[in-house]
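Here's the letter readout for the chains.
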Amino acid sequence: MTAPRLSFTDVTVDFGTTRALDHVSVDLAPGEIVGLLGHNGAGKSTMLNVATGAVSATTGTLTIDGDDVQITTPADAHAHGITVVHQSPALADNLSIVDNLYLGRGSTGRGTEARDAARTALDEVGGSRLGLDTMVGVLSLGQRQIVDIARGLLGGEMKVLLLDEPTAALGQAETDALHELIREVSARGTTVVYVSHRLPDIVDVCERVVILSNGAVAAQMPVEGLSTRELARALAPDMKDETFVAGTPGEIIVNVTAPHRMQFYAGEVVGVFGVAAGDQFAFLEALAGVGGTLDVQVEGRDYAPRSPNDAIKAGVHSIAADRDKDGLVPGMSAIDNVFGPWRGRRIAGKAVAESRRQRTEVYSAIRSSLNVHGPGPASPIAAFSGGNRQKHLIAAWMTPVAPTVLLMAQPTQGVDVGAKADIRRAIRAAADAGAAVIVASAESDEIASICDRSYVLSSGRMNEVARSDHFDSDLLQSLLDLIPLKEEIPA
């Protein structure tokens, strides 16, 4: 019998009194594509970090092709043929592709032999159209992932490819291209470990799933024949099915007259759907005072914010798509991230949660209502899992001061199914309290899971789609109707 390509045997990882992995044993076969799933904080990232040498196991062993290995640094991992590609590839924008391929390898990649090796590595992972001297800063995210994978191949055989949320910021066309590349790489014998919260992607490309819960292996099963709903149920067996209940529209809160006629009512959650990095996000930015202009009234008054501060003064609160880059302050405590935007502000002449006691009481209620898990309020926000960080960001713009208009960019992306449900309930609660909620996304299923209706924006045009039993497919068809035939749909 062929030995497993990569094996975790009784691997435990402790961070002080916190156990991140609890006696994990998993065998991964050569050429197998395995989805690694679990709630935020379940241990997925720790498991990958053990394989790449970023974290040392407290106990247990790692084997490659039947041989015990000691991987204590990323260099050790590369020497053993292990490549990791993170959601944001670790590349230098101001260097060329060939310079990035050889960065940190003791070679400039300038010689003919080095350039030939770089060309071969790129070609083998779907980068035949990428020029070696192209600057990485001009590449799309999908192209950057190709370069990152080629880096792993350049040093020799790529035995294991670890992908951490690789499609989180990709459109559908780029996702399909990545999945085709994964199949080609696995067909050559590379074992692929695919970490993602996007269950349709797992069902599309993976052969088997390993589910972690509280740092331990909760289940392993083949993917063939599984629906995304069945996979979600395996991830959260205790989660009850949600019945969508539409909001009751009140008065018009936001009235857009140009470039499109759009109306948003109190009590409604309305989607703005389009391609990845498309018009819907530019629309949200204009409403948030970040850039662009619209002809718009908020609560019957002309609204032309020149900054996010202008938007906040008008009751327009915006939740950024990238929580860690644009939304939260990593070195700040959890409670200060919630109240930070409101320090020194006065609403109707009164300071917002001025006393420590008030902040503590409000924060405690937030943790309860949003089902926040993790360390205490004084802990740095970076100590929380991704889903719980997202809940803190949402709480910051929902709770200390209730919004009149709540703008959200892909609010449930990159979080597990349980956190998605918690966030959806919070969004509905904000609408029920009288806010006009606007959700921009490039994911039709996200819009369908949250919104009462949706506008579809693309190529400078707009459609409106009513909620129906086939809302998801209606959104996609409406988007296709807007895109000129010469364009390729990337989302």
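What you see as residue numbers is a count from 1 along each chain, following the sequence as written. Reporting of local features is limited, given that this is a predicted model, to residues whose pLDDT is at least 70; pairs of side-chain atoms are given and counted only at 80 or more, and all residues count toward the totals for whole chains, interfaces and linings. Side-chain metrics rest on all non-hydrogen atoms present in the structure, leaving aside hydrogens and water.

## Observations regarding the pattern of salt bridges
By definition, a salt bridge exists where a carboxyl oxygen of Asp or Glu is found within 4 Å of a side-chain nitrogen of Lys or Arg. According to the stated counting rule, one finds 22 salt bridges in the structure shown. Notably, a salt bridge pairs K159 with D65, separated by 3.3 Å at the nearest N-O pair. With K159 in the loop between α5 (141-154) and β7 (160-164) and D65 in the loop between β4 (59-64) and β5 (67-69), this residue pair connects regions lying 94 residues apart in the sequence. Classification of residues uses two cut-offs on accessible area relative to the type maximum, computed with a 1.4 Å probe and protein chains only: under 20% is buried, over 50% is exposed, and between them is partly exposed. A relative accessible area of 21% means that K159 is categorised as partly exposed. Overall, the relative accessible area of 31% leaves D65 in the partly exposed class. Numbering of helices and strands starts at the N terminus; helices are DSSP runs of H or I of at least 4 residues and strands are runs of E of at least 2.

## Considerations on the sheet that holds strand β16 (residues 316-319)
Read from one edge to the other, the open sheet built from six strands follows the order β16-β19-β20-β13-β21-β22, with strand pairing classed as mixed. In this open sheet, the two strands that pair with only one neighbour each are β16 and β22 (461-466). With direction set aside, neighbouring strand axes in the sheet form an average angle of 20 degrees. We treat two strands as partners when DSSP finds at least two bridges between them. In the sheet, strand β19 (residues 405-409) pairs with strand β20 (residues 436-441) via five bridges, with the strands oriented parallel. Bridge pairing in β20 links M408 to V439. Axis geometry follows a simple rule: fit a line to the C-alpha atoms, using only the stretch in contact for helices, then measure angles between N-to-C directions, giving values from 0 to 180 degrees.

## Thoughts on the nonpolar core
Buried Ala, Val, Leu, Ile, Met, Phe, Trp, Tyr and Cys residues that are joined via side-chain atoms within 4.5 Å together make up what is termed a nonpolar core. M408 and V437 are the most contacted members of the largest nonpolar core, which has 49 residues in total. Ignoring sequence-local partners within four residues, the contact set of V437 consists of E268, V269, V270, L406, M408, I427, A430 and A431. By definition in these notes, contact holds between two residues if any of their heavy atoms fall within 4.5 Å.

## Notes on the sheet that holds strand β6 (residues 82-85)
The strand order β6-β7-β8-β3-β9-β10 describes an open sheet built from six strands, whose pairing is mixed. Every interior strand has two partners, whereas the edge strands, β6 and β10 (216-222), have only one. For this sheet, the mean inter-axis angle between neighbouring strands, taken without regard to orientation, is 20 degrees. In this structure, β7 lies alongside strand β8 (residues 191-195), joined through five bridges in parallel fashion. Looking at the pairing, V160 lines up with T191 of β8.

## Observations regarding the packing of aromatic side chains
Any two rings among Phe, Tyr and Trp, with Trp reduced to its six-membered ring, count as a pair given centres within 6.5 Å; such a pair is stacked if its planes are under 30 degrees apart, edge-to-face if over 60, and tilted if neither. Inspection of the entire model under this criterion finds three aromatic pairs. With centroids separated by 5.4 Å and ring planes inclined at 65 degrees, the aromatic side chains of F264 and Y455 adopt a geometry described as edge-to-face. With a gap of 191 residues between them, F264 in strand β12 (residues 262-265) and Y455 in strand β21 (residues 453-458) connect regions that are remote in the sequence. Clustering of aromatic rings is evident, with ring pairs tying together F264, F283 and Y455. Should the NZ of a Lys or the CZ of an Arg lie within 6 Å of a ring centre and within 35 degrees of the ring normal, that charge is described as sitting over the ring. Between R467 and the ring centre of F244, over which it is positioned, the NZ or CZ distance is 3.6 Å.

## Describing the confidence of the model for the protein
The predictor's confidence in any single residue is recorded as pLDDT, a number from 0 to 100. The pLDDT averaged across the protein works out to 89; a share of 96% of its residues lies at or above 70. At the level of individual helices and strands, the protein shows its lowest average pLDDT in strand β18 (residues 350-351), which scores 74, and its highest in β12, which scores 98. Note that residues 486-491 has pLDDT below 50 and, in this model, 20 contacts with residues that lie over four places away or in other chains.

## Describing the pairing of strand β3 (residues 33-38)
Within β3, six of the six residues are buried, which leaves it mostly tucked inside the rest of the structure. Burial of β3 is two-sided: the residues I33, G35 and L37 facing one way and the residues V34, L36 and G38 facing the other way are all buried. Relative to β8, β3 is paired through four bridges, and the arrangement is parallel. Across the sheet, residue G35 finds its bridge partner in β8, namely Y194. Where β3 and strand β9 (residues 208-213) come together, five bridges link them in parallel fashion. The residue bridging L36 from the neighbouring strand is V210, located in β9.

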